[in-house]
Amino acid sequence: MNPHLDKLQPYPFEKLRQLFAQVAASPQHKAISLGMGEPKHPTPQFIQQALIDNVDGLASYPTTIGSDALRGAIAGWLERRYGIPKLNPATQVLPVNGSREALFALAQTVIDPAAKSLVVSPNPFYQIYEGAAYLAGAEPYFVNSDPARNFGCDYDSIPTSVWERVSLLFLCSPGNPTGAVLTLTDWENLFALSERYNFIIAADECYSEIYHGDKAPLGALEAAHTLGLSTIDKPYARLVVFSSLSKRSNVPGMRSGFVAGDADVLKKFLLYRTYHGGAMSPSVQAASIAAWNDETHVEQNREKYRAKFAAITPLLQEVLQVELPDAGFYLWADVSQTGLSDTEFAQRLYAEYNVTVLPGSYLARDAHGANPGRNRIRMALVAETEEGLEAAQRIVQFCKSLNK
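Bear in mind that the values here come from a model prediction, so they are computed numbers and not experimental data.

This part covers the overall build of the chain. A tally of regular secondary structure across the chain gives 14 helices and 13 strands. Against the 2.2 N^0.38 benchmark of 22 Å for 404 residues, the chain shows a C-alpha radius of gyration of 21 Å, consistent with a compact globule. C-alpha extents for the chain along the principal axes are approximately 65 × 55 × 45 Å. Within the chain, the proportion of its 404 residues that are buried is 55%. Taking as baseline every contact in the chain between residues at least 6 positions apart, the subset at least 24 positions apart corresponds to 75%. Taking the average location of the 35 positive side-chain charges in the chain and that of its 42 negative ones, the two points are 3 Å from each other.

What follows is the structure in structure tokens.
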């Protein structure tokens, strides 16, 4: 057996299942889950119809590189969304079966298992980053998020001796679970570090289209273009960006996303995926083209989230330390004032009000003397507003009951 498998921790939802196994949910309340970040808004009808209209694609083996039409649609979307010169669809864009499997596979592609490399990851983080590092023969190095920096990571705190061993840096902007968005200054610093120490940046941007202000989040390719890094001899050198239709278009079951950026990295990644078997169904490709070519449904989806967050966040602020995030569909709340730890809060809320939230410590690791998720909870506001409001009202009741 692969010995690196023994380094993997249980997934956060398995830890939550074990936590809840010790109690029974309140029978007086209908179950409401804010635990999992699975979009619950309806899938747009035109995307469903595109899938149905192209079901004959199931009769053909797909190519790993995907169709010219899909890669062209993705390149066109990137050009429109970020105002960058159109990428070469043949060399700088690759369809993938959701960003999750691609994030994992990239580590297997770019890491030399004999080099004893390090993989930098934000903390808290999406657990795939950690698993990808271990199973590629590397070790994760966590950089804690800091509430004083809008939950940004202080990459300047990483010593040179660490940077010299880094092969890959994972980051998520907008962040999961914090919703924080990197600034142009943040990107400029990271690009300089990448050039100095020759590591690859893997930018996870799957939450980019759900934002609460007027300005769309800055993307990695956009930042590189603004800083003049898209016009050098090797455009977007050492930078690969991951995105997905799951959150943007409410199609998590389609497993459709893309990787874009450095053509040299993508050439090797395509070779890996040819053996790995990561080809997308022609039927899903057709539905994906329809989704990437339409923005109306994305704007409508965004407005639903804005209205939901505007209604729910003030309620929760009565009893918890929580702020509207830059982007994404999570609230990252501090429960310290309740006198309960994050796990105690989640367990008692489930037992007394049948609402599921995810303890923040399950999304982070002890690093540099702290677990930055401790005493926080993540709430995924993915269901319709009515259900989210009901959950928020129960949380308010629960918190107030603690003070009696």
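Following the structure, the description resumes.
Another aspect to go through is the nonpolar core. Leu320, Phe345, Met379 and Ile395 are the most contacted members of the largest nonpolar core, which totals 74 residues. No other element matches helix α14 (residues 385-402), which puts 6 residues into this core. Formed jointly, this core draws a minimum of three residues from each of two domains, domain 1 (3-42 + 297-403) and domain 2 (59-294). Leaving out residues up to four positions away in the same chain, methionine 379 has contacts with Leu34, Leu316, Leu320, Phe329, Tyr330, Leu331, Ala333, Val357 and Ile395. Core analysis: the next-biggest nonpolar cluster, separate from the first, contains 51 residues, Trp77, Phe191, Leu239 and Val251 among them.

Let's shift gears to the sheet that holds strand β9 (residues 257-261). Taken together, 8 strands build an open sheet; the order of strands is β2-β9-β8-β7-β6-β3-β4-β5 and the sheet is mixed. The sheet is open, and its two edges are formed by β2 (93-96) and β5 (152-153), each paired on a single side. Relative to strand β4 (residues 139-146), strand β3 (residues 118-123) runs parallel, the two being bridged by 6 bridges. When the bridges of β4 are listed, asparagine 123 appears paired with asparagine 144. Running at roughly 160° to strand β8 (residues 239-244), helix α4 (residues 99-110) makes contact with β2, β6 (166-172), β7 (200-204), β8 and β9 of the sheet. Where helix α7 (residues 184-197) meets the sheet, its contacts fall on β6, β7 and β8, and the angle it forms with β7 comes to roughly 145°.

Another aspect to go through is the UniProt feature "domain: Aminotransferase class I/classII large" (unreviewed entry) in the chain. UniProt's entry tags residues 31-383 with the feature "domain: Aminotransferase class I/classII large" (unreviewed entry), counted in the numbering of this structure. As annotated, residues 31-383 has a helix share of 38% and a strand share of 17%, and its two end C-alpha atoms lie 12 Å apart.

What you see with β2 is no split at all: Val93 and Pro95 on one side and Leu94 and Val96 on the other are buried throughout. Bridging between β2 and β9 involves 4 bridges; their strand directions are antiparallel. Its bridge partner lying in β9, valine 93 is registered against alanine 260.

Conventions and cut-offs
- Residues numbered from 1 in each chain as written.
- Predicted model: local features only at pLDDT ≥ 70, side-chain atom pairs only at ≥ 80, totals over all residues.
- Heavy atoms only, no water.
- Helix = DSSP H or I, 4+ residues; strand = E, 2+ residues; numbered from the N terminus.
- Rg over C-alpha atoms; globule rule 2.2 N^0.38 Å.
- Buried < 20%, exposed > 50% of the residue type's maximum accessible area, 1.4 Å probe, protein only.
- Contact = heavy atoms within 4.5 Å.
- Lys, Arg positive; Asp, Glu negative; His and termini not counted.
- Charge placed at Lys NZ, Arg CZ, Asp CG, Glu CD.
- Core = buried A, V, L, I, M, F, W, Y, C linked by side-chain atoms within 4.5 Å.
- Domains from an automatic or database assignment.
- Pairing = 2+ DSSP bridges.
- Axes fitted to C-alpha atoms, helices over the stretch in contact; angles between N-to-C directions.
- UniProt positions renumbered as here; feature names shortened; annotations may be inferred.

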